[in-house]
Structures are given as structure tokens and as C-alpha cells.
Amino acid sequence: MANNCWICGKQESTLFRCRFCGKTFCVEHRLPERHACEGLEHQKKYGFTETSGVGGNYSNFDAESIFKNMFKEAAKQASKSVAFGFLNKIKRWATTSPTMAIIIICAISYIIGNLIITNVFDINYFRLLGLPADVSLILLKPWTIITHIFVHSNFAHLFLNMFVLLFFGNEFEKRFGKQTFLIVFFITGIAASLGFALTTTSPFPLVGASGAVIGVFAALAVLVPNLPIFVFFIPMKIKHAIVLLIGIEFLFFTIDVQDMIAHNAHLMGMVVGILMGYWIKNTKPRFRTSTKREYVRRW
């Protein structure tokens, strides 16, 4: 060991060797922070230390630590890239397609409402944003005419509605435009909720986008009746599917099946969707075809 301090040159009987850079220092400069220790910086950055003597050569280092830190840094950067890329995709979807925007809002609503507000804050999310079964209560909570569309009771309810909306909402947008889709979606959704409130005997509030989704489906059946689709893995034309769906919903509504499904809202959504389809067909013939430019533009 050298007998003088590397910083001030003071000779002392007791000198200290820095475990980071390997140089010797007096009592005053023995701490790494007091002698601007380069080895400490390398330790923080790369995971190895300078221990080869006064010259400060970096011959002794921990190769395992270097590679471990390299992989850790690479994984960190990769995760950031994936996260930012996914967020950018979500932003693009939400700004170019109202169908995707609705799906994203419903998913966020489910996470915040069902998993956070209900469980953490013990607030009844369905009572807050769901449509009351009593018409008089709707006048006190008018926002529920819209907000109930974005609230779903469980994951299966959310997944089924958004799965159907993903296919038929995008198909409607491509053929007839984004603004027309939004008009049909919200008018049929509101009509379905009012139909539920006027005819229900259930004390539970209405939640879910199924009335609006089925309304878009019905309008599409009028506008593109020969569109091929699958119903329970059975191929058929959409015009036959809507007739089958109306029959099933009417049967369940008539016999008053206690399955916690608002069949009256579904029926009203389909009826209004069919009327909207004929309205578009008769008054807006320019929407029968769409252009590529219209499909990719922001709405």
C-alpha cells in the first residue's frame, strides 16, 4: 500500500484503501464522496469495482453482475417500449374508430367500477350509473340513460357485448360511416333503456350495451340483408339471424324467464334498429358505399 494520500499527498501512518477504486487516502479523503471516486460510479452503473491498485485499472470485475445488469436494463427498456407501443395503439384505435372507443370505455368502466369503486370504496356502481327500473327515478338520475350502456355486471357480460360490437360495429362503420354508426348506437341504446323502464317488473337497474349493440345488428340486417355471418357456429345470412333472434327474445319475454336478462330492452333495441335501418336506406343512399379515405380518417 502507498504511504501517502492520493488526493493531498499527506503521509500518515494509517492510510485507507478505497474498496471501489483501490487507491489510498488519508482520514479526511477516505470516503468515496470525498475523493470523487470513479470506481463508485462504475459500481453503480456496471456492477463492478476498481480494485487493481493505485493506477485505477479495471481488470478485476464481476462478469456475472455486468451481464445481469445488462439484461435488467434491456428488459426495462423493452417493457417500456411495449407499454408505450400498446398505449399508442389504444390511442390510435380510440381516435379512428368509435366502435373501438366504446369498447375501450366499457373495459375501463368495468375495471374502475367493478374492481375498484365497488370493492375498495364499497359504493354500488350499478346503482350509481345503472338505469333505474322505476321511470320516476330516471327523472332524478337522467345521466343513467347514457351511462348504463358503459356499465356491465360481470366479465362474461362485458366480453359477449364487446365481441359482437367489435365485428358488427366495425362492419357498420366501413359501410355507412362513423357518425351514422354513433347515431344508431345511441338512439337504439336509449330506446332500449326506455322500453325496459316502461315494461319491466324487475327491481334491479339496467346495465350493459346489449340494447345498443343489438340495435346496430338489426339496422345492419336491414341495410345488408345478405351479409353472411355465424350464429352459434352455424352459417346463415344476417336477415335470417335477426328473425331468429327476435323470435327467441319475444318468447323469453312472453314467458317471463327469470334469467336476469333484459329481453324487453333487447326487443326494443331491435325494433328501433330496424326502423333506423329503413331510415338510412331511404334517406341516406350516399352511405351505401364507403371510401378508403372515410374509413381511416379520425372521427
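The following refers to the structure shown. (Residues numbered from 1 in each chain as written. Predicted model: local features only at pLDDT ≥ 70, side-chain atom pairs only at ≥ 80, totals over all residues. Heavy atoms only, no water.)

## A look at empty space enclosed by the protein
No. 1: Under the defined criterion, the tally for this structure stands at 1 cavity of 30 Å³ or more.
No. 2: The calculated volume of the largest cavity comes to roughly 50 Å³.
No. 3: Those elements giving two or more residues to the lining of the largest cavity turn out to be helix H8 (178–199) and helix H9 (210–223).
No. 4: Broken down by element, the residue count for the lining of the largest cavity peaks at 3 residues, all from H9.
No. 5: Along the lines of polarity and charge, the residues of the lining of the largest cavity split into 7 nonpolar, 5 polar and no charged. (1 Å grid on protein atoms, 1.4 Å probe; cavity = no way out; pocket = protein on both sides within 12 Å on 5 of 7 lines; lining within 4 Å. Points joined across faces, edges and corners; volume = space filled by probe spheres on them. Helix = DSSP H or I, 4+ residues; strand = E, 2+ residues; numbered from the N terminus. Nonpolar A, V, L, I, M, F, W, Y, C, P; charged D, E, K, R; others polar.)

## Describing a nonpolar patch on the surface
No. 1: On the surface, Ile108, Ile111, Ile112, Leu115, Ile116, Val120, Phe121, Ile123 and Leu128 cluster together into a nonpolar patch covering about 800 Å² of accessible area.
No. 2: If you trace the backbone, Leu115 turns up in helix H3 (residues 98–120). (Patch = residues over 30% accessible without salt bridge, like charges linked within 9 Å, V, L, I, M, F, W, Y side chains within 5 Å. Areas by Shrake-Rupley, 256 points an atom, 1.4 Å probe, with all protein chains shown as cover. Salt bridge = Lys/Arg side-chain N within 4 Å of Asp/Glu carboxyl O.)

## Regarding the side chain of His266
No. 1: Structurally, His266 can be placed in helix H11 (residues 263–283).
No. 2: A residue is classified by how much of its surface remains accessible, and His266, at 11% relative accessible area, is buried.
No. 3: Of the polar contacts made by the side chain of His266, one reaches the side chain of Ser210; its length is 3.0 Å. (Buried < 20%, exposed > 50% of the residue type's maximum accessible area, 1.4 Å probe, protein only. Polar contact = N/O pair within 3.5 Å; in protein donor to acceptor, adjacent residues only side chain to side chain.)

## What about the state of the cysteines?
No. 1: Tallied over the full model, the rule gives 0 disulfides.
No. 2: Free cysteine: Cys8, not disulfide-bonded; nearest cysteine sulfur from Cys5 at 3.6 Å.
No. 3: The exposure class of Cys8 is partly exposed, given its relative accessible area of 40%. (Disulfide = S-S within 2.5 Å.)

## Side note on the packing of aromatic side chains
Each aromatic ring pair is summarised here by two numbers: the centre-to-centre distance and the angle between the ring planes.
No. 1: All told, the structure shown has 10 aromatic pairs when counted by the stated rule.
No. 2: A ring pair is formed by Phe185 and Phe186, whose centres lie 5.2 Å apart and whose planes are at 85 degrees; its orientation type is edge-to-face.
No. 3: Given a relative accessible area of 0%, Phe185 falls into the buried group.
No. 4: Members of the aromatic cluster, each reached through a chain of ring pairs, are Phe150, Phe172, Phe176, Phe181, Phe185 and Phe186.
No. 5: Positioned over the ring face of Phe16 is Arg30, at 5.5 Å from the centre of the ring. (Phe/Tyr/Trp six-rings, centres within 6.5 Å; stacked < 30°, edge-to-face > 60°. Lys NZ or Arg CZ within 6 Å of the ring centre and 35° of its normal.)

## Describing the packing of H9 against H11
Packed helices, taken two at a time, are described by their axes: the angle between them and the distance between them.
No. 1: Direction vectors running N to C along H9 and H11 enclose 40 degrees, while the axes themselves pass 7 Å from each other. Between H9 and H11 the crossing geometry is right-handed. Judged by residue contacts, Ser210, Gly211, Ile214, Gly215, Ala218, Ala219, Val222 and Leu223 of H9 engage Ala265, His266, Gly269, Met270, Gly273, Ile274, Gly277, Tyr278, Ile280 and Lys281 from H11. (Axes fitted to C-alpha atoms, helices over the stretch in contact; angles between N-to-C directions. Left-handed = near helix turned anticlockwise from the far one by under 90°. Contact = heavy atoms within 4.5 Å.)

## Quick word on the layout of surface pockets
No. 1: There is about 1,900 Å³ of room inside the largest pocket.
No. 2: Along the wall of the largest pocket there are 50 residues; nearest its centre are Leu160, Ser210, Glu249, Ile261 and His266.
No. 3: Elements represented by at least two residues in the lining of the largest pocket include exactly helix H7 (155–176), H8, H9, strand S3 (228–231), helix H10 (238–254) and H11.
No. 4: Of the residues forming the lining of the largest pocket, the biggest block, 9 residues, is contributed by H7.
No. 5: Residues of the lining of the largest pocket, tallied by class, amount to 32 nonpolar, 13 polar and 5 charged.

## What about unusual backbone geometry?
No. 1: The phi dihedral of Phe232 is positive, around 50 degrees, even though this residue is not glycine.
No. 2: Inspection of the secondary structure puts Phe232 in the loop between S3 and strand S4 (234–237).
No. 3: Judged by relative accessible area, Phe232 falls into the exposed class, the value being 72%.
No. 4: Although it is not a glycine, Phe233 sits at a positive phi angle of roughly 70 degrees.
No. 5: In this structure, Phe233 sits in the loop between S3 and S4.
No. 6: Overall, Phe233 belongs to the exposed group, its relative accessible area being 81%.

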